[in-house]
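Residue-level listing of the chains:
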Amino acid sequence: MRGALYQYLAGDHERLDSLFQRAIATPGEIDAESYHEFRKGLLRHIAMEEKIVLPAIARWQGGKKADIAERLRLDHGALVALLAPPPTPSILLTIRSILEVHNELEEREGGFYELFEGLAGDEVERMLAQLKSAPPVAVLPNNDKPEVLDAAKKVVARAGHEFKVAS
Ligand SMILES: [Fe+2]
Ligand SMILES: [Fe+2]
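Read on for a plain summary of the structure. Note that this is a predicted model, so its numbers are computed, not measured.

A few points about the overall build of the protein
Moving on, step 1. Summing up its helical and strand segments, the protein has seven helices and zero strands in all.
Moving on, step 2. Along the protein, helices (α) and strands (β) appear in the sequence α-α-α-α-α-α-α when read from the amino end.
Moving on, step 3. In terms of overall size, the protein behaves like a compact globule, its C-alpha atoms giving a radius of gyration of 16 Å where 167 residues would be expected to give roughly 15 Å.
Moving on, step 4. Dimensions of the protein along its principal axes, counting C-alpha atoms only, are 50 × 30 × 30 Å.
Moving on, step 5. Expressed as a percentage of contacts within the protein between residues at least 6 apart in sequence, the contacts between residues at least 24 apart total 75%.

Right, dumping it as structure tokens:
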């Protein structure tokens, strides 16, 4: 089922995609301002899914988590970890490759967002208001310590993804 909740969340994917595209628009350069907006927006998007969408689904299913919950959580963990070190072409390539698969799981027919919308029933308006008023997430500056990047690579591997090296 695709209504207001689906549109809001899928629309946020689109908005984040265009910020990402703007961040990498000039070859060999990362546009700092677009990257910052992308990072801030993706952290808020993930927080909405973790703190609003997943708990609502579990509540509506009588305490049973969405089947896809664990898969999504692993991806979210990998994405958040990749946003900690300063962005590099390899990090951005890896983020993009994770998001391509991840967003499809959420948007596809019978996927996560349709499950959410389908279960919402008469709570659609209330959920939409909650999503829209989700606060921005506190964003720390990027951390350039090598161990932060190493940790991110481990989280990516544990989530079953490959750390892509940009050529
Ligand atoms: Fe997600
Ligand atoms: Fe999403």
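On we go from here.
Here's the deal with helix 4 (residues 89-107)
Along an α-helix, residues three or four positions apart point the same way, because every turn accommodates 3.6 residues.
Moving on, step 1. In this model, helix 4 (19 residues) spans 26 Å end to end at C-alpha, consistent with the 27 Å of a helix rising 1.5 Å per residue.
Moving on, step 2. Among the residues of helix 4, Ile91, Thr94, Ile95, Ile98, His102, Asn103 and Glu106 are the ones counted as buried.

Quick notes on the environment of Lys65
Moving on, step 1. With respect to the helices, strands and loops of the structure, Lys65 is situated in the loop between helix 2 (32-60) and helix 3 (69-82).
Moving on, step 2. Put simply, Lys65 and Pro135 are 70 residues apart on the chain and 24 Å apart in space, counted from C-alpha to C-alpha.

Comments concerning the nonpolar core
Moving on, step 1. In this structure, Phe38, Ala78, Leu79 and Leu82 are the most contacted members of the largest nonpolar core, which totals 18 residues.
Moving on, step 2. Counting residues per element, the ones that place at least two in this core are helix 1 (4-23), helix 2, helix 3, helix 4 and helix 7 (146-158).
Moving on, step 3. Excluding residues that lie within four positions of it along the chain, Leu79 makes contacts with Leu42, Ile46, Ile95 and Ile98.
Moving on, step 4. Membership of the second largest hydrophobic core comes to 14 residues, among which are Met48, Leu54, Phe116 and Ala120.

Quick word on helix 1
Moving on, step 1. The end-to-end C-alpha separation of helix 1 is 28 Å, in line with the 28 Å expected for 20 residues at 1.5 Å each.
Moving on, step 2. Each element contacted by the buried residues of helix 1 is listed here: helix 2, helix 4, helix 5 (112-120) and helix 6 (124-132).

A few points about the environment of Arg15
Moving on, step 1. By the element assignment, Arg15 lies in helix 1.
Moving on, step 2. Taking the number of C-beta atoms within 10 Å as the measure of exposure, Arg15 has 14 and is therefore partly exposed.

Some remarks on the packing of helix 3 against helix 4
Moving on, step 1. Packing of helix 3 against helix 4 leaves a shortest axis separation of 10 Å and a crossing angle of 155°. Classed by the angle they form, the pair helix 3 and helix 4 counts as roughly antiparallel. Crossing hand, helix 3 versus helix 4: left-handed. Every residue of helix 4 that contacts helix 3 at Arg71, Asp75, Ala78, Leu79 and Leu82 is listed here: Ile91, Thr94, Ile95, Ile98, His102 and Leu105.
Moving on, step 2. For the contact of helix 3 with helix 4, the per-class residue count stands at seven nonpolar, two polar and two charged.

Rules of the game
- Residues numbered from 1 in each chain as written.
- Chains lettered and ligands numbered in written order.
- Predicted model: local features only at pLDDT ≥ 70, side-chain atom pairs only at ≥ 80, totals over all residues.
- Helix = DSSP H or I, 4+ residues; strand = E, 2+ residues; numbered from the N terminus.
- Rg over C-alpha atoms; globule rule 2.2 N^0.38 Å.
- Contact = placed C-beta atoms within 7 Å.
- Expected span 1.5 Å × (residues − 1).
- Buried ≥ 20, exposed ≤ 12 C-beta atoms within 10 Å, placed from the backbone.
- Core = buried A, V, L, I, M, F, W, Y, C linked by C-beta atoms within 7 Å.
- Axes fitted to C-alpha atoms, helices over the stretch in contact; angles between N-to-C directions.
- Parallel < 35°, antiparallel > 145°, perpendicular 65-115°, else oblique.
- Left-handed = near helix turned anticlockwise from the far one by under 90°.
- Nonpolar A, V, L, I, M, F, W, Y, C, P; charged D, E, K, R; others polar.

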